[in-house]
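Structural overview for review
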Amino acid sequence: MKAKYLREESLPKGEAWKLENGWKAHKSYTWQGIAFVSKLEAPDGKHYWHCSNGLDFRETYSNMPEVIEVFESLGSIPLPDFARPFVGKAKDFQDRPIKGLVSVFFNR
């Protein structure tokens, strides 16, 4: 997928990108320097997915509706469908997939 680098919104340890589908993606790095997608922001600017919440917090907390309610009240959503094919595609230095990480699926 094509994307535009957003220099003014990027941080020293992460990059912000505007995807061609209208979403905004944040590219970060593991402590080993492996790139991954850490956050996806919806075009509405109100909803987002963040890696720290897991791939789908609704599955993780299915027996705790109060937790799901808190995530949703903050604008959190599960990983969008367009990014799901890239889960586990990021690889470590021994070429093994890193479970749960979303690999970078966009470029200029």
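We now turn to the structure provided with this report. In this convention, every chain numbers its residues from 1, walking through the sequence in written order. pLDDT decides what is reported in this predicted model: residues at 70 or higher carry local features, side-chain atom pairs at 80 or more are listed and counted, and totals for whole chains, interfaces and linings draw on all residues regardless. Values reported for side chains reflect all heavy atoms of the structure, with hydrogen atoms and water molecules removed beforehand.

**A look at the pairing of strand E4 (residues 35-41)**
Where we set the bar: The cut-offs for exposure are 20% and 50% of the maximum accessible area for each residue type, with area from a 1.4 Å probe on protein chains only; residues under the lower value are buried, those over the upper are exposed, and the others partly exposed. Numbering of helices and strands starts at the N terminus; helices are DSSP runs of H or I of at least 4 residues and strands are runs of E of at least 2. At least two DSSP bridges between two strands are required for those strands to pair.
Among the 7 residues that make up E4, 5 are buried, leaving the element largely enclosed by the rest of the structure. Sheet topology places strand E3 (residues 24-29) next to E4; 6 bridges connect them, and they run antiparallel. Within the sheet, the bridge partner assigned to Lys 24 lies in E4 and is Glu 41. Between E3 and E4, which pair antiparallel in sequence order, lie 5 residues; one of them, Gly 33, sits at a positive phi of approximately 90 degrees. Bridge count between E4 and strand E5 (residues 48-50): 3 bridges; the pairing is antiparallel. When the sheet's bridge partners are listed, Leu 40 is paired in E5 with Trp 49.

**Describing helix H2 (residues 65-73)**
In plain terms, the rule: For this quantity, the arc is that covered by the directions from the helix axis to the C-beta atoms. Between two residues, a contact is recorded if the distance between any of their heavy atoms is within 4.5 Å.
Turning to H2, its buried residues number three or more, namely Val 67, Ile 68 and Phe 71. Taken end-on, H2 shows its buried residues confined to a sector of 100 degrees, consistent with a single buried face. For H2, the exposed residues lying more than 90 degrees away from the buried face are Pro 65, Glu 69 and Ser 73. Looking at the packing, one finds that the buried side of H2 touches helix H1 (57-60). In the stretch just after H2, Gly 75 is the one whose phi turns positive, near 95 degrees.

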